[in-house]
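If you want the building blocks of each chain, they are given just below.
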Amino acid sequence: MKTLVEKWLVYKEFNEGRSPKTIVKYRYYLELLIEYCESNKIDGLNVEAERLESFVGMFLHKRKLVSQSRRTAVAAIKGFYDFLFTQGVTNANPAANLPYPASSKKMPVAMGISNFERLLNDCDLSTFLGLRDAAIIALLGGCGIRLGGLEGLNESSLTWYELEEKERLAIRVFEKRSKERMLPVPLEAHLFLRAYLGHADLKQINRSLPDGDKVLFVSTRNYNIPEWEYYGEQRRLSSRSIQDMITARGNNAGIPANQCHPHALRHLTGTEYAEDDVDVITRQQLLGHADPKTTAIYTNMAMRRLTNTVDKANPLSKVSTAVTPLINRL
């Protein structure tokens, strides 16, 4: 069964283009399923549907997996057994009707616009690291790039073009392994990035790749890599380091912990697009969403626009009450 799991994972990664992170998750849940079958002396290739329901239900619940994680486990199991059935390995698909657990649809937390300003202002632009971090934060918050997409940027990802006789910048981002999109960069982020690329300290760092390209955002120290190997791809700033940087700067700037992560900056971008009434199709394109329903979530998060609507249209604004004089003064 382990061999078949690996065969399916190879198929998912190279035939369907699933991201390495997704493959890691699928492998983890299927290894748990193998463990479950072995401990209960069940033939994993001829397992009953009730047993699979017990696995994704009580077994994973006891492992303290939340419903969203168990939904991923169900997706892995359904895909794996469908693969076995279509390949003729099994005569039936016991996971065909395996139900997904209900998921709690929590509203994402976006970084507040004032906190975004504080986060940027925490970067000391007189230093190389401060300039690098400001460029990273500006791209995450100004463009709504996913963390994985930003980590993988090279200099070849940058495209300079002319708009109304002015130089502008666009970036080509690859996210979730193979999904590519081109994004215009806000002028502010453009300037931060220009200053970073022109910094003297960056010119002293060997960030060249075998194909002649260059890593865009570099690390300045990594004690896990020998000094003589610390160049090229090894110089790329990792997702973990970017997360740690935002957490540290956020804490220093007094930003709430639930906003001190890269995705809170992406949520800020989506919310601001909704606040300015950018249409859903354009927002979907800019944010790289496969499903417009995901994009529509930000409409519900656009509180300034909703507040203005409520202030103008609610019945209390159309009657006289004891607090009406105070409201008018305010």
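This text goes with the structure placed above it.
Thresholds applied
- Residues numbered from 1 in each chain as written.
- Predicted model: local features only at pLDDT ≥ 70, side-chain atom pairs only at ≥ 80, totals over all residues.
- Heavy atoms only, no water.
- Helix = DSSP H or I, 4+ residues; strand = E, 2+ residues; numbered from the N terminus.
- Expected span 1.5 Å × (residues − 1).
- Buried < 20%, exposed > 50% of the residue type's maximum accessible area, 1.4 Å probe, protein only.
- Contact = heavy atoms within 4.5 Å.
- Disulfide = S-S within 2.5 Å.
- Lys, Arg positive; Asp, Glu negative; His and termini not counted.
- Salt bridge = Lys/Arg side-chain N within 4 Å of Asp/Glu carboxyl O.
- Polar contact = N/O pair within 3.5 Å; in protein donor to acceptor, adjacent residues only side chain to side chain.
- Pairing = 2+ DSSP bridges.
- Axes fitted to C-alpha atoms, helices over the stretch in contact; angles between N-to-C directions.
- Nonpolar A, V, L, I, M, F, W, Y, C, P; charged D, E, K, R; others polar.
- Core = buried A, V, L, I, M, F, W, Y, C linked by side-chain atoms within 4.5 Å.
- Patch = residues over 30% accessible without salt bridge, like charges linked within 9 Å, V, L, I, M, F, W, Y side chains within 5 Å.
- Areas by Shrake-Rupley, 256 points an atom, 1.4 Å probe, with all protein chains shown as cover.

S.K.: Give me helix H2 (residues 20–39): which residues, what numbers.
M.R.: The first and last C-alpha atoms of H2 sit 29 Å apart over 20 residues, in line with the 28 Å expected at 1.5 Å per residue. For H2, the set of buried residues is Ile23, Tyr26, Tyr29, Leu30, Leu32, Leu33, Ile34, Tyr36 and Cys37. Turning to H2, the residues buried within the fold contact helix H1 (2–14), helix H3 (49–62) and helix H4 (67–86).

S.K.: So, unusual backbone geometry: which residues are in play, and what are the values?
M.R.: In this model, Lys64 sits at a positive phi of 65°, which is unusual for a non-glycine residue. Relative to the helices and strands, Lys64 resides in the loop between H3 and H4. One non-glycine residue, Glu164, lies in positive phi territory at about 50°. With respect to the helices and strands, the residue Glu164 is situated in the loop between strand S1 (158–163) and strand S2 (166–175).

S.K.: Summarise the state of the cysteines; cite the residues concerned and give the values.
M.R.: A full pass over the atoms with the stated rule returns zero disulfides. Summary of cysteine pairing: Cys123 is not part of a disulfide, and the nearest cysteine sulfur, belonging to Cys260, is at 13 Å. A disulfide-free cysteine, Cys143 has its sulfur positioned 16 Å from the sulfur of Cys123, the nearest such atom. On the basis of relative accessibility, which here comes to 1%, the residue Cys143 falls in the buried class.

S.K.: Summarise the side chain of Arg266; cite the residues concerned and give the values.
M.R.: Along the chain, Arg266 falls in helix H11 (residues 262–275). It is Glu175 that comes nearest to the buried, bridge-free Arg266 among opposite-charge side chains, at 4.9 Å. Within polar-contact distance, the side chain of Arg266 engages the side chain of His289 at 3.2 Å. Every residue in contact with Arg266, bar those within four places of it in the chain, is listed here: Leu140, Gly144, Ile145, Arg146, Arg181, Leu287, His289 and Tyr298.

S.K.: Report on the environment of Leu163, specifying residues and quantitative values.
M.R.: Looking at the element boundaries, Leu163 is found in strand S1. Along the chain, Leu163 and Gln259 lie 96 residues apart, while their C-alpha atoms are 34 Å from each other.

S.K.: With reference to specific residues and values, describe the pairing of S1.
M.R.: As paired elements, S1 and S2 share six bridges and run antiparallel to each other. Paired with Thr159 across the strands is Ala170, a residue of S2. Linking two consecutive strands that pair antiparallel, namely S1 and S2, is a turn of two residues; a positive phi of about 50° is found at Glu164 within it.

S.K.: Before we move on, could you go through the packing of H11 against helix H14 (residues 303–313) and cite the residues and values that matter?
M.R.: Packed helices, taken two at a time, are described by the angle between their axes plus the distance between the axes. Where H11 meets H14, the axes come as close as 7 Å, and the angle between the chain directions of the two elements is 35°. Residues Glu272, Ala274 and Glu275 of H11 lie in contact with H14, whose contacting residues are Met303, Arg304 and Arg305. Grouping the constituent residues of the contact of H11 with H14 by class yields two nonpolar, no polar and four charged.

S.K.: Could you give an account of the pattern of salt bridges, with specific residues and numbers?
M.R.: Oppositely charged side chains are able to pair whenever their charged atoms sit close together. Across all of its chains, the model carries 13 salt bridges by this definition. As a salt-bridge pair, Glu180 and Arg172 come within 3.5 Å of each other at their nearest N and O atoms. Where Glu233 meets Arg236, a salt bridge forms, and the shortest distance between an N and an O atom there is 2.6 Å. Through salt bridges with shared partners, a single network forms among Asp122, Arg132, Asp133 and Arg249.

S.K.: Residues and numbers for the nonpolar core, please.
M.R.: Burial of nonpolar side chains together is a common tendency in soluble globular proteins. Counting 54 residues, the largest nonpolar core has Leu139, Leu150, Ile171, Leu193, Tyr196 and Phe217 as the members making the most contacts within it. Not counting residues up to four positions away in its chain, the partners in contact with Leu150 are Ile136, Leu139, Leu140, Ile145, Phe217 and Ile242. Counting residues in hydrophobic clusters, the runner-up holds 31 residues, among them Val5, Ile42, Val56 and Val74.

S.K.: Describe a nonpolar patch on the surface, naming the residues involved and giving the relevant values.
M.R.: Taken together, Val323, Leu326, Ile327 and Leu330 make up a surface patch of nonpolar side chains, about 440 Å² in accessible area. Within the secondary structure, Leu330 sits in the segment after helix H15 (324–329). Look at Leu330 and you get exposed, because its relative accessible area is 80%.

S.K.: Could you give an account of the sheet that holds S1, with specific residues and numbers?
M.R.: Spatial strand order, S1-S2-S3: three strands in an open sheet with antiparallel pairing. The sheet is open, and its two edges are formed by S1 and strand S3 (179–184), each paired on a single side. Averaged over neighbouring strand pairs, the angle between their axes works out to 25° when direction is ignored.

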